[in-house]
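A look at the structure
Take a look at the letters that make up each chain.
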Amino acid sequence: MGRVGRVDRHGREWPGPEPGTGRVDPVRRTISEYALHTDLEPIFDAGVLAFAGAALCVPVALVRAGLLRVVSGASAGLVLAAAGLVAVVVFEKTNWAVGASVGGTIHRYASLAAFLALPVAAVLVARRYRRAAVPDVGPWDRNAAWVRWLGVASLLWFTPILVGFVQRPFTGVSWWQAVPLGLVERGLALTEVLLVVALALWGARRRPADTRRDFPRCRRGFPAVT
């Protein structure tokens, strides 16, 4: 079946396939659109839940490595990201062919919270590590550098969306039409998957001996993120 455009009850045009009539356009349509296809929904759910599980394991590894305090802003951010991803699965994306829904609104804000909380938490962990580093003990840990820059790169993926909002009063073009939302979201998702991998590797590779070596002036090792 070919792709068709559709207009919701608010008069907004949403180009792309109607659920069940074709495949998802990876440039214009969001990843959550897969959940509206019966044959693809189980794959979408499994992938997002696996990502949520990995995100939830990361703070455990970081706490065991002495890089993160159990009760801290960064740990709360990582837990919030995992919870948001679970909510994305529990509450289905709005089917605009039918109209807006409460579940769809929760889905939207849960995904936003998850994809913002994860990179912010990662930047907090890397920033604290960098600030606590002692100049005479060698270069900044490569793992921390990867975490920091992947966190920053994740946040930069939101730039086209912000530009879309800003240009609307001047062009009259809705942000979801001005931005290749599917492409942006897939780039964001890939970057954040790599970010979780980087955090997990950092937590797995650090040992108490590494902490004492990098922070010899700290009596009890690394001053964990607050």
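Refer to the structure presented above.
These remarks concern the structure in this document. (Residues numbered from 1 in each chain as written. Predicted model: local features only at pLDDT ≥ 70, side-chain atom pairs only at ≥ 80, totals over all residues. Heavy atoms only, no water.)

Attention now goes to helix α2 (residues 73-90). With 18 residues, α2 extends 25 Å between its outermost C-alpha atoms, agreeing within 8% with the 26 Å of an ideal straight helix rising 1.5 Å per residue. If you check which residues of α2 are buried, you get Ala74, Ser75, Gly77, Leu78, Ala81, Ala82, Gly84, Leu85, Ala87, Val88 and Val89. (Helix = DSSP H or I, 4+ residues; strand = E, 2+ residues; numbered from the N terminus. Expected span 1.5 Å × (residues − 1). Buried < 20%, exposed > 50% of the residue type's maximum accessible area, 1.4 Å probe, protein only.)

Attention shifts here to the pattern of salt bridges. Per the counting criterion, the structure on display carries one salt bridge. A salt bridge links arginine 29 to glutamate 33, with the shortest nitrogen-to-oxygen separation between them at 2.8 Å. You'll find arginine 29 and glutamate 33 in the same group, each marked buried. (Salt bridge = Lys/Arg side-chain N within 4 Å of Asp/Glu carboxyl O.)

Each pocket or cavity is described by its volume, and for the largest pocket that value is around 1200 Å³. Thr30, Arg108, Ser111, Leu181 and Glu185 are, among the 42 residues lining the largest pocket, the residues nearest its centre. Residue assignment for the lining of the largest pocket shows that the elements contributing at least two residues are α1 (41-64), α2, α3 (102-132), α5 (159-171), α6 (175-178) and α7 (181-205). Sorting elements by how many residues they give to the lining of the largest pocket places α3 first, with eight residues. Taken together, the residues that form the lining of the largest pocket break down as 27 nonpolar, eight polar and seven charged. (1 Å grid on protein atoms, 1.4 Å probe; cavity = no way out; pocket = protein on both sides within 12 Å on 5 of 7 lines; lining within 4 Å. Points joined across faces, edges and corners; volume = space filled by probe spheres on them. Nonpolar A, V, L, I, M, F, W, Y, C, P; charged D, E, K, R; others polar.)

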